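Structural features, examined
Next come the chains, spelled out residue by residue.
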Amino acid sequence: MGQSMQDLLTFTLLLARETGELIVRERASAPLTRNYKGGNELVTQADLKADKLICERLTVAFPDHAILSEESSPQLQEVWNLSEPVWIIDPIDGTVNYAHGHNQSAVSIAYCESGQITLGVVYNPFTNEMFHAVAGEGAYLNNTPIEVAGETELNRAIIATGFPYVKDDIATMVERVGRVLTHCADIRRLGSAALDICWLAVGRLDGYYESLSLWDFAAARLIALEAGATCGHFSEVPVGIDPQFHASDLLIANPVLYPKLRELLSKNEE
């Protein structure tokens, strides 16, 4: 295609903004239809319309590229095995927030080429905050450079997390939350993984952990990395999986807090 990374970034920023305008209009203009994938995961007509818009724009602009989308192609998970470029999208990250009138929701779009995520955009249209990063070029909020906070002490750190729709392992998660509350300053559960990670990138949070799906964090993880965060996991990554795509037990923090949080989250309760 001969597209430069700057061309791809410009395209993605415009697409994220157009999609954000759509989801704002949808919530303001009509009652949201609510359905539940798998019996418990909320999806609205705005999710589907936003997904359709993004996929149509990508297909027209880049017909040879693959698309991994939460709503229309969730089965396409092993992106590291794809030879063609792939877009990883979540049309509304934070659907429950969105459907309940909260403003902590975002459009998330990442671009992966040759097995590396090289571009990430996360846009909250309700606050007009556009986070973006290109690999090796830093992270930005509304075109202003951002970096992670410098907190070094666990007992002063604000940690964010989230919880899955399926509560099979809730006892383990609650026990882990107890550990974090005991050793850290406080905990936040804001309802959008992409924005949690971007908030960490801009210094509003000090650490983040959760098990997710790839579309939840692909763009935001790059933004956090480019803002100076360490991104990894508090459990071992299975052999054969590229760590940048591994979705379980994700952990992100600044380089000083990261090993402290990893030890805290991975140890058994004494």
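**Some points on the pairing of strand 7 (residues 129-134)**
Counting buried positions along strand 7 yields six of six residues, so the element is predominantly enclosed. Burial along strand 7 is two-sided: the residues E129, F131 and A133 and M130, H132 and V134 are all buried. When strand 6 (residues 116-124) meets strand 7, the two strands line up antiparallel, connected through six bridges. The partner of V121 across the bridge, within strand 7, is H132. Linking strand 6 back to strand 7 in an antiparallel pair, the connection comprises four residues, with N128 at a positive phi of about 55°. As paired elements, strand 7 and strand 8 (residues 139-141) share three bridges and run antiparallel to each other. Counterpart to F131 in the pairing with strand 8 is L141. Counting the residues that bridge the hairpin from strand 7 to strand 8 gives four residues, and of these G136 lies at a positive phi of roughly 85°.

**Looking at the pattern of salt bridges**
Counted under the stated rule, the structure contains seven salt bridges. Across the pair E18 and R57 runs a salt bridge, and its minimum N-O distance is 2.6 Å. Of this pair, E18 sits in helix 1 (residues 5-29) while R57 sits in helix 2 (residues 45-61), and the two are 39 residues apart along the sequence. The exposure class of E18 is partly exposed, given its relative accessible area of 28%. You can call R57 partly exposed: its relative accessible area is 34%. The residue R204 makes a salt bridge to E129 at a minimum N-O spacing of 2.6 Å. With R204 in the loop between helix 5 (193-201) and strand 12 (207-210) and E129 in strand 7, this pair connects stretches of sequence that are 75 residues apart.

**Digging into helix 6 (residues 214-226)**
In a regular helix each residue adds 1.5 Å, so 13 residues correspond to 18 Å; helix 6 covers 18 Å between its end C-alpha atoms and thus fits that length. Within helix 6, the axis deviates most sharply at A220, by approximately 30°. Burial runs high along helix 6: 11 of the 13 residues are buried. All of the buried residues along helix 6 are L214, W215, D216, F217, A218, A219, A220, R221, L222, I223 and A224. Looking one or two residues beyond helix 6, the residue adopting positive phi is G228, at roughly 105°.

**Brief notes about the nonpolar core**
Counting residues in hydrophobic clusters, the biggest one holds 42 residues, and the most contacted among them are I88, V122 and I223. For this core, the leading source of residues is helix 6, giving nine residues.

**Regarding the side chain of D47**
Considering the arrangement of structural elements, one finds D47 in helix 2. Looking at D47, the relative accessible area reads 0%, which means it is buried.

**Comments concerning the layout of surface pockets**
Rolled over the atoms, a probe with the dimensions of a water molecule shows which regions are left empty. Of the volumes computed, that of the largest pocket is approximately 620 Å³. As for the largest pocket, its lining consists of 31 residues, and the residues nearest its centre are E41, F163, Y165, E210 and D216. At the level of elements, strand 2 (41-44), strand 4 (86-93), helix 3 (95-99), helix 5 and helix 6 are the ones that each hand at least two residues to the lining of the largest pocket. Here the residues of the lining of the largest pocket are counted per class, giving 10 nonpolar, 10 polar and 11 charged. Looking at the second largest pocket, its volume works out to about 200 Å³. Residue lining of the second largest pocket: 13 residues in total, with M173, R176, E210, S211 and D249 positioned closest to the centre. Those elements that provide at least two residues to the lining of the second largest pocket are helix 4 (170-183) and strand 12. The biggest single contributor to the lining of the second largest pocket is helix 4, with three residues. Class assignment for the residues of the lining of the second largest pocket results in six nonpolar, three polar and four charged.

The rules we used
Residues numbered from 1 in each chain as written. Predicted model: local features only at pLDDT ≥ 70, side-chain atom pairs only at ≥ 80, totals over all residues. Heavy atoms only, no water. Buried < 20%, exposed > 50% of the residue type's maximum accessible area, 1.4 Å probe, protein only. Helix = DSSP H or I, 4+ residues; strand = E, 2+ residues; numbered from the N terminus. Pairing = 2+ DSSP bridges. Salt bridge = Lys/Arg side-chain N within 4 Å of Asp/Glu carboxyl O. Expected span 1.5 Å × (residues − 1). Bend = angle between axes of the 7 residues up to and from the residue. Core = buried A, V, L, I, M, F, W, Y, C linked by side-chain atoms within 4.5 Å. 1 Å grid on protein atoms, 1.4 Å probe; cavity = no way out; pocket = protein on both sides within 12 Å on 5 of 7 lines; lining within 4 Å. Points joined across faces, edges and corners; volume = space filled by probe spheres on them. Nonpolar A, V, L, I, M, F, W, Y, C, P; charged D, E, K, R; others polar.

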